[in-house]
Amino acid sequence: MTALSQFEKSKARPIPTEFEIEGMSCASCVVRVEKAIKALPGVDSASVNLATERASVIFKDVVDPGPVLRAIEDAGYQAKVDTQEFGVGGMTCASCVARVEKALKAVPGVIDASVNLATERATIRVAAGAVETPALEAAVRNAGYDVRRLHTAQTCETKDHRTAEISKLKVLLAVSATLTLPLFLLEMGSHFIPGVHELIMDTIGMENNLYLQFVLATIVLFGPGVRFFRKGVPNLLRWTPDMNSLVVLGTTAAWLYSAVATFAPGVLPSGTANVYYEAAAVIVTLILLGRFLEARAKGQTSQAIKRLIGLQAKTAFVSRSDEFVETQIEDVIVGDLLRIQPGEKVPVDGIVVTGSSFVDESMITGEPIPVEKAAESEVVGGTINTNGTFIFKATKVGSDTLLAQIIKMVEAAQGSKLPIQALVDKVTGWFVPAVILAAAITFTAWYLLGPSPALSFALVNAVAVLIIACPCAMGLATPTSIMVGTGRAAELGILFRKGEALQSLREADVVALDKTGTLTKGRPELTDIEVRDGYAAIEVLQLIASVETLSEHPIAKALAAAAWERGIRALPVTEFQANPGFGIEGSVNGRKVLVGADRALEKAGIDIGQFRDKAAALGDQGKSPLYAAIDGNLAAIIAVSDPVKETTPAAVAALHALGLKVAMITGDNKRTADAIARQLGIDEVVAEVLPDGKVEAVKRLRAGGRKVAFIGDGINDAPALTEADVGLAVGTGTDIAIESADVVLMSGDLNGVPKAIALSKATIRNIKQNLFWAFAYNVSLIPVAAGVLYPVNGTLMSPIFAAAAMAMSSVFVLGNALRLRSVSP
């Protein structure tokens, strides 16, 4: 079964609907949006990710984005809405328009639909990522009308809102810094530069100086800084304050106090009429600087996804009217014939029809060696043809291609939450209200107990508490590391289907490996055949090969191939029967033939004692002994061997180096299994396991509370992959298994397992570093900002330094997460 059909099967499971959200700035935003969505009666579960700026929602029954969008807006944020357009043919009157509109509005995920009879166009508004175009087109066709896709230059390039945000922040930062610099020099220059105070007094005078500071600070606060008010004030009014609310409270308090000191100083107690315009302006500038650096760093965390998207070809040479014409990739359909020349990208998935070449599939498998392609070979979109020319037929296009599905998988993993995030969610739910309370307590304590001028001390320290708090760092600590870690893994051919696997994989104590196709090449070969007296080897092999030809088992194919190579042709078979885990039987020219393991012949009452010593000897050599019985009598013993992959010994050694126990689960007899285990240095062996017994084997390996990671081909081993604490599917090229595995290793190289585990350890270590910094930063610096060190050594923190520390806190977390891009396990 190919990866493509596996993807189709996986669609039967609940698929989350993604909503892109704008305006979130800290962990409290995440909690607020998540809480609002989860409260909806039609929602089963919801997860919001600050780094990806997305909400992943699973609905109970019908996908209805309307309430979710309203809930997001009511929480003070904005969900991104996409607009799709396509042509509608066959409409003749207003009732046609009404019919098409009704059909489109009935599609789950559609917010609104408008159809224009004159232009014959339908414009549909959908929640970003919630609805795919084919579903909309199918609705129109089912209503009895034709659909045509519209292709414009705009459809080829989608606007990167993050790039736009970076550009906007850059302008705001420049304006804010330009106005803040003279303000800072006017107020603080006299404290640090001799003669500045006298220069101000001799030129504009102290009163005009205050007026100028007021004007500059006001422009900064309500110009570039108005973005904080737009989000922070409404959230304050809803009693759901966020990071923007803290900035608004702090800067407004400093500005308002300064304004009173400037225009009505008599209102304030004697000696307290000080101004803090520079603090308000510098706070805005520094936080804008932090947001700008944060936005740039966020863009870098998604570099892996951008590189994957960049692998997609833009055009293809498609057969049209007996000649190959360069065509936009969007116009390629299933069944088209495409020509690929040396150096070109394979545009879509398909099967080679004619020609041959070597294709670089490193973007899929992580393996640098090109793979040979000939007739009937599968090719994958995004891979690069090296030195030959071939023609292939498209089998998967658009969002159905393997590369598109890989991108979706990586995005899904990047958007997930780990169990370690639970603590952060609990804290951030009350963090901002707690900070406001701490600021209020700080103000009251300093006002009642502080030295003169108490009001000034109370104001400065309360503002410092509000500004120094940084829930942004807590909210970004986990998702940014997941984004970078899973992106780096994808570059190495390791796909984390679930972000949770990043955490569970590092906790594994035992790595259990399926033998056939995982430890070995999965292509057994006939090595020995010994017959009893009265039987001819060629005759017995012909009878064996005849019945084995009807079986799909790898050993059966090996026996049939061995007969073919010796010029022996299979005979017709009747009464064929396969008994999984035992063997096969059938009638060949009236003779009853049974081929299988020792348990198969024992079950049939056939004594195999004559070959017991021979079987032991074969087993000691790592070969699998099988028996053949003809007409109820033992006729021969045969042996097959599945060669161990060249990379397997190094992979097992790497797992041991990580401190893990390695176990092998196999259907082979114990003697054969032990021989292979000795050869590879495997710690535990679970042998003679029937196909349905692997789940029980995984349970046995769990004894003593051990965590088990199971590695298999992901198709035959699906139950065991599901049962294990974490399942890893080893694929070969496009034949990857995704149905039951948590992690997919795109190549057949087992070295991907220790790489995946090492990446898991590195990512979780990075997350813990981020969380430690985020929590330690807030726990240690909020009390300092409140002035707890003042009675000890007279230390107080200026709101300006508090703003700088807060702005750099998120940048530190993002910078630390970006270190994962250079991890080379």
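Given the structure is predicted, the values throughout are model-derived calculations rather than measurements.

Caption draft 1: Region of the structure containing the pattern of salt bridges. Under the defined criterion, the tally for this structure stands at 15 salt bridges. When the shortest N-O distance is used, the salt bridge between Glu 539 and Arg 591 registers 2.6 Å. On the criterion of sequence distance, the pair formed by Glu 539 in helix α21 (residues 537–548) and Arg 591 in strand β22 (residues 591–596) is long-range, its members being 52 residues apart. According to the relative accessible area criterion, Glu 539 is partly exposed, its value standing at 33%. On the accessibility criterion, Arg 591 (27% relative accessible area) is partly exposed. Its salt-bridge partner being Glu 723, residue Arg 702 comes within 2.9 Å of it at the nearest N-O pair. Linking Arg 702 in the loop between α27 (694–701) and β27 (708–712) with Glu 723 in helix α28 (residues 718–723), this pair joins segments that are 21 residues apart in sequence.

Caption draft 2: Spatial organisation of the pairing of strand β18 (residues 510–514). Summarising burial for β18: five of the five residues are buried, a large majority. Residues of β18 alternate between two faces, with Val 510, Ala 512 and Asp 514 on one and Val 511 and Leu 513 on the opposite face, all of them buried. As judged from the five bridges shared by β18 and strand β25 (residues 661–665), these two strands associate in the parallel manner. The residue bridging Asp 514 from the neighbouring strand is Ile 665, located in β25. Summarising the sheet, β18 and β27 pair through four bridges and their orientation is parallel. Following the sheet pairing, Leu 513 is matched in β27 by Ile 711.

Caption draft 3: Geometry of a nonpolar patch on the surface. On the surface, a nonpolar cluster with roughly 450 Å² of combined accessible area is contributed by Phe 443, Tyr 447, Leu 448 and Leu 449. The residue Phe 443 is located in helix α16 (residues 421–449) in this model. Given a relative accessible area of 30%, Phe 443 falls into the partly exposed group.

Caption draft 4: Region of interest: the UniProt feature "transmembrane region" (unreviewed entry) in the chain. According to UniProt, the feature "transmembrane region" (unreviewed entry) maps to residues 171–190, 210–226, 246–268, 274–293, 427–449, 455–478, 771–790 and 796–818 in the numbering used here. For residues 210–226, the end-to-end C-alpha separation is 22 Å, with 82% helix and 0% strand making up the annotated structure. The distance from the first to the last C-alpha atom of residues 771–790 is 28 Å, and the span holds 85% helix and 0% strand.

Parameters at a glance
Position labels on residues start from 1 in each chain and follow its written sequence. Note on the predicted model: pLDDT of at least 70 is required for a residue's local features to be given, and 80 or more for side-chain atom pairs to be given and counted; whole-chain, interface and lining totals, by contrast, use all residues. For side-chain calculations, the full set of non-hydrogen atoms in the structure is used, while hydrogens and water are omitted. Salt bridge criterion: a side-chain nitrogen from Lys or Arg within 4 Å of a carboxyl oxygen from Asp or Glu. Per the convention used, a helix needs a DSSP run of H or I reaching at least four residues, while a strand needs a run of E reaching at least two, with both numbered from the N terminus. Burial classes follow relative accessibility: with a 1.4 Å probe on protein chains only, a residue under 20% of its type's maximum area counts as buried, one over 50% as exposed, and anything between as partly exposed. For two strands to be treated as a pair, DSSP must find at least two bridges joining them. Like-charged residues are merged into a patch within 9 Å and nonpolar side chains (Val, Leu, Ile, Met, Phe, Trp, Tyr) within 5 Å, provided each residue has over 30% relative accessible area and no salt bridge. To be clear on the numbers: accessible area is Shrake-Rupley with a 1.4 Å probe, and residue cover counts the displayed protein chains and nothing else. UniProt positions are given in the numbering used here, feature names are shortened, and annotations may be inferred rather than shown by experiment.

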